Amino acid sequence: MTCRVSILDFNIQDILKAAEPDDIARSSILWKKDIKAYGPWTRIRSTRFDAPPNKTEKWVWQPQLPGDGPAVLVCGKSTSTMDAAWNLIENRQMDTWDSVIAVEQTVGRGQQKRQWISPAGNIHASWLWPLPKHTGESETDWGGLLSLVVGFVFARVFKELNVPVKIKWPNDLLINNQKFAGILVERRENHILVGTGINVNYSPEDSKLRSEFAVPATNLLIQGHEMAPLSLWMKLVEKGKSLFEQLIQTLTPSEFIKMIDMQMAWVGKKVLIRQINADVFDAVILGLADDGGLRIKKRKHNRRDVFGQYYSRVTQN
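These remarks concern the structure in this document.

**Let's talk about the pattern of salt bridges**
Summed over the entire model, instances satisfying the criterion amount to ten salt bridges. The shortest N-O distance in the salt bridge between Arg 26 and Asp 23 comes to 2.4 Å. Here the residue Arg 26 and the residue Asp 23 both occupy positions in helix H1 (residues 21–27), the gap between them amounting to three residues, near one helical turn. Lys 33 is the partner of Glu 226 in a salt bridge, and the nearest nitrogen-oxygen pair spans 2.3 Å. Taken as a pair, Glu 226 in the loop between strand S11 (191–198) and helix H6 (229–250) and Lys 33 in helix H2 (residues 29–38) lie far apart in primary sequence, 193 residues in all.

The structure is reproduced here in structure tokens:
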């Protein structure tokens, strides 16, 4: 299975801007590698995106080998690929496992709507997942685990690519205790949209991060892994889809929690935890609870707490 790549040569309101292969190639040396690798590109009309009632011609650029798997829709610039993807989903122009990847984002967002810095060369993508189900347990048993499921799938693919990844609860990926990727999961009715930002060749300086509680940032290039954004994203989609389907078919949610526990960062380590109400305290991470919450032991408090709610920051101390 190979992804079907299309570069969108049309605008969607103020959300998504048209792009051409040559313009994308000029945006960064990594995108230039991708454009060259999958070329030559051909501009064709795509009736898939002709939205009624006022149909207008929509054009896309397709590579030499079109592929037979999920669609990867490339745009030059987007306010947020989450916004672009939801627009396409609402117009029935994205199917399950299809994704949108932008060369640049202007208003990218992370958890709690924080801004995600999104220059050309990094990955800014949103991916439509199916609602996870298991024949032996109810759908809701997976509902609170979606961020962890996505993190586990991404981490496994990166490990196949020889990138040593750990998962920082609940939705970040780390290399050597530094953050290089974030995950955002949004659900509307039966649609699960997975947004991700991956630092491929750029990461912000510590001075640009939120505060002293932020985990230091890094990127794949600094860590010795040179990868081009489109080809990397295609691997994540192709291998990730297969891993997810295998996971859901073979494991129950409780079995998954036991398996992912070993992939979590800082288990057994002392950390600083800052709650939403801004209280800060020391703790030791014990692992995951059955519902995907973080199990910790507060220091100087001889008891164990189970955190099912989201804590804004968990930082190794």
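**With respect to the environment of Ala 25**
Relative to the assigned elements, Ala 25 resides in helix H1. Sequence separation between Ala 25 and Val 103 is 78 residues; the distance between their C-alpha atoms is 9.9 Å. Once you skip the residues sitting within four places of it in the chain, Ala 25 turns out to touch Trp 31, Lys 32 and Ile 35.

**Side note on the nonpolar core**
Counting residues in each nonpolar core, the largest one holds 76 residues, and the members touching the most others are Trp 129, Phe 158, Leu 220, Trp 233 and Phe 256. In this structure, Phe 158 is in contact with Val 163, Val 165, Leu 173, Phe 180, Ile 198, Leu 220, Leu 232 and Leu 236, ignoring residues within four places of it in sequence. Core analysis: the second largest hydrophobic core is formed by 22 residues, Ile 15, Ala 71, Ile 89 and Leu 193 among them.

**Considering H2**
Looking at H2, one finds that the buried residues are Leu 30, Trp 31, Asp 34 and Ile 35. All buried residues of H2 fall inside an arc of 140 degrees around its axis, so they share one side. Projecting away from the buried face of H2 at angles above 90 degrees are the exposed residues Ile 29, Lys 32, Lys 36 and Ala 37. On its buried side, H2 packs onto strand S1 (4–8), H1, strand S5 (71–78), strand S6 (99–105) and H6.

Conventions used here
- Residues numbered from 1 in each chain as written.
- Predicted model: local features only at pLDDT ≥ 70, side-chain atom pairs only at ≥ 80, totals over all residues.
- Heavy atoms only, no water.
- Salt bridge = Lys/Arg side-chain N within 4 Å of Asp/Glu carboxyl O.
- Helix = DSSP H or I, 4+ residues; strand = E, 2+ residues; numbered from the N terminus.
- Contact = heavy atoms within 4.5 Å.
- Core = buried A, V, L, I, M, F, W, Y, C linked by side-chain atoms within 4.5 Å.
- Buried < 20%, exposed > 50% of the residue type's maximum accessible area, 1.4 Å probe, protein only.
- Arc of directions from axis to C-beta.

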